[in-house]
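Residue-level structural notes
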Amino acid sequence: MKATYLEPAVGQYLLAHTARPDELLDALALETRELMGERANMQIAPDQGRFLTMIAQISAARNAVEVGTFTGYSSVCLARGLAPGGRLTCFDASEEWTAVARRYWEKAGVADRVELRLGPAEARLRELTGGPPVDLAFIDADKPGYPVYYEILMSVLAPGGVILVDNTLWSGRVAHPNERDETTQVMREFNDLVMADPRSTSIMLPMADGLTMIRKH
Ligand SMILES: C[S@@+](CC[C@H](N)C(=O)[O-])C[C@H]1O[C@@H](n2cnc3c(N)ncnc32)[C@H](O)[C@@H]1O
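Residues numbered from 1 in each chain as written. Predicted model: local features only at pLDDT ≥ 70, side-chain atom pairs only at ≥ 80, totals over all residues. Heavy atoms only, no water.

An unreviewed UniProt entry lists the protein chain under the name O-methyltransferase, with Planomonospora parontospora as the source organism.

Side note on the overall build of the protein chain
Summing up its helical and strand segments, the protein chain has 8 helices and 7 strands in all. The C-alpha atoms of the protein chain give a radius of gyration of 16 Å, which matches the 17 Å a tight globule of 217 residues would have. C-alpha extents for the protein chain along the principal axes are approximately 45 × 45 × 30 Å. For the protein chain, the residues scored as buried account for 52% of the 217 residues in total. Taking all contacts inside the protein chain whose residues are at least 6 apart in sequence as the whole, residues at least 24 apart take part in 69%. The centroid of the 22 positive side-chain charges in the protein chain is displaced by 4 Å from the centroid of its 29 negative side-chain charges. (Helix = DSSP H or I, 4+ residues; strand = E, 2+ residues; numbered from the N terminus. Rg over C-alpha atoms; globule rule 2.2 N^0.38 Å. Buried < 20%, exposed > 50% of the residue type's maximum accessible area, 1.4 Å probe, protein only. Contact = heavy atoms within 4.5 Å. Lys, Arg positive; Asp, Glu negative; His and termini not counted. Charge placed at Lys NZ, Arg CZ, Asp CG, Glu CD.)

Details of the layout of surface pockets
For the largest pocket, the calculated volume is near 510 Å³. For the lining of the largest pocket, the elements supplying multiple residues, two or more each, are α4 (73–81) and β2 (87–92). A class-by-class count of the residues in the lining of the largest pocket yields 11 nonpolar, 11 polar and 7 charged. (1 Å grid on protein atoms, 1.4 Å probe; cavity = no way out; pocket = protein on both sides within 12 Å on 5 of 7 lines; lining within 4 Å. Points joined across faces, edges and corners; volume = space filled by probe spheres on them. Nonpolar A, V, L, I, M, F, W, Y, C, P; charged D, E, K, R; others polar.)

Points about the site of the ligand
Not every one of the 19 residues close to the ligand is listed here, only the nearest: Gly68, Ser74, Asp92, Ala121 and Asp140. In the model, an oxygen atom of the ligand is placed 3.2 Å from a nitrogen or oxygen of the Phe70 main chain. Relative to its unbound accessible surface of 610 Å², the ligand loses 87% to contact with the protein. Most atoms of the ligand, that is more than half of them, are within 2 Å of grid points of the largest pocket. In terms of residue class, the shell around the ligand is made up of 10 nonpolar, 6 polar and 3 charged. (Near = heavy atom within 4 Å. Polar contact = N/O pair within 3.5 Å; in protein donor to acceptor, adjacent residues only side chain to side chain. Areas by Shrake-Rupley, 256 points an atom, 1.4 Å probe, with all protein chains shown as cover. Sits in = over half its atoms within 2 Å of the grid points.)

Examining the nonpolar core
Core analysis: the largest hydrophobic core is formed by 32 residues, its most contacted members being Leu88, Trp105, Leu136 and Leu164. Mapped onto this core, the elements with two or more residues apiece are α2 (23–36), α3 (46–58), α4, β2, α5 (95–108), β3 (114–118), β4 (134–139) and β5 (157–166). Broken down by element, this core gets its largest block of residues, 5 residues, from α4. If we ignore the near neighbours within four places in the chain, the residues touching Trp105 are Thr69, Gly72, Ser75, Val76, Cys90, Val110, Ala111, Val114 and Leu116. Residues Val67, Leu169, Val174 and Phe190 belong to the second largest nonpolar core, which totals 27 residues. (Core = buried A, V, L, I, M, F, W, Y, C linked by side-chain atoms within 4.5 Å.)

Topic: the pattern of salt bridges
For side chains of opposite charge, pairing can occur when their charged atoms come near one another. Going through the model one piece at a time under the given rule, you end up with 11 salt bridges. Measuring nitrogen to oxygen at the nearest pair gives 3.6 Å for the salt bridge that ties Arg113 to Asp112. Here Arg113 falls in the partly exposed class, since its relative accessible area comes to 25%. Close ionic contact of Glu122 with Arg126 constitutes a salt bridge, the shortest N to O distance being 2.8 Å. For Arg126, a relative accessible area of 45% gives the class partly exposed. One continuous salt-bridge network, built from bridges that share partners, spans Glu115, Arg117, Arg124 and Glu127. (Salt bridge = Lys/Arg side-chain N within 4 Å of Asp/Glu carboxyl O.)

So, in structure tokens, the structure goes:
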């Protein structure tokens with residue numbers, strides 16, 4: 001349970017009234033825990049998964065992008081919400097972790113609409129330039145990369161397109177001036193950059209570890 005900004009009982013209640021048990025996603029979460037141990041915490045939370053599917057549906061996304069796929073939880077949720085004929089392009093550096101994702105795309109019946117581009121995300125994201133505009137993007141990878149991923153995605157995003165960004169509250173540390181570790185500073189700078197960007201409007205949601213939703217004008 002990652003509803004870190006709510007009293008635990010309220011967080012449990014919220015989750016129980018958000019994401020119904022989902023056999024496939026639950027199996028993926030379990031397998032990831034068994035294979036990866038503590039690293040499984042990198043996976044998004046079930047309420048975020050539900051949110052990603054709904055945003056993909058509401059935005060009628062046809063061309064979606066994910067930066068940071070890991071074992072596939074968020075990509076399955078995004079792919080399930082795509083409009084008919086929609087595509088999801090996933091970017092990740094790990095062949096090993098995304099091998100699990102590939103298996104779950106098959107199981108979920110979405111493999112035909114998902115493309116994986118392996119390698120350093122910055123270089124591979126630049127390949128989107130000149131292609132069809134992106135309607136929806138989800139950033140959940142290395143934190144120092146966030147500003148450049150945001151910039152590249154803004155340059156290819158359709159007007160009205162949406163970028164969702166995970167971990168923007170960074171366990172709440174961004175709000176405490178005494179917290180000065182490198183990643184906290186990086187996240188603070190990223191949040192400030194988004195807030196000051198005249199090309200977009202954003203809202204920071206206290207979901208899981210903080211999820212920022214950005215809409216390009
Ligand atoms: C937090 S996990 C993503 C979790 C995933 N969204 C989920 O729901 O399971 C971050 C992922 O970003 C990938 N990553 C980190 N740095 C990267 C980089 N520079 N280029 C591409 N992928 C990167 C890692 O391999 C990892 O799979």
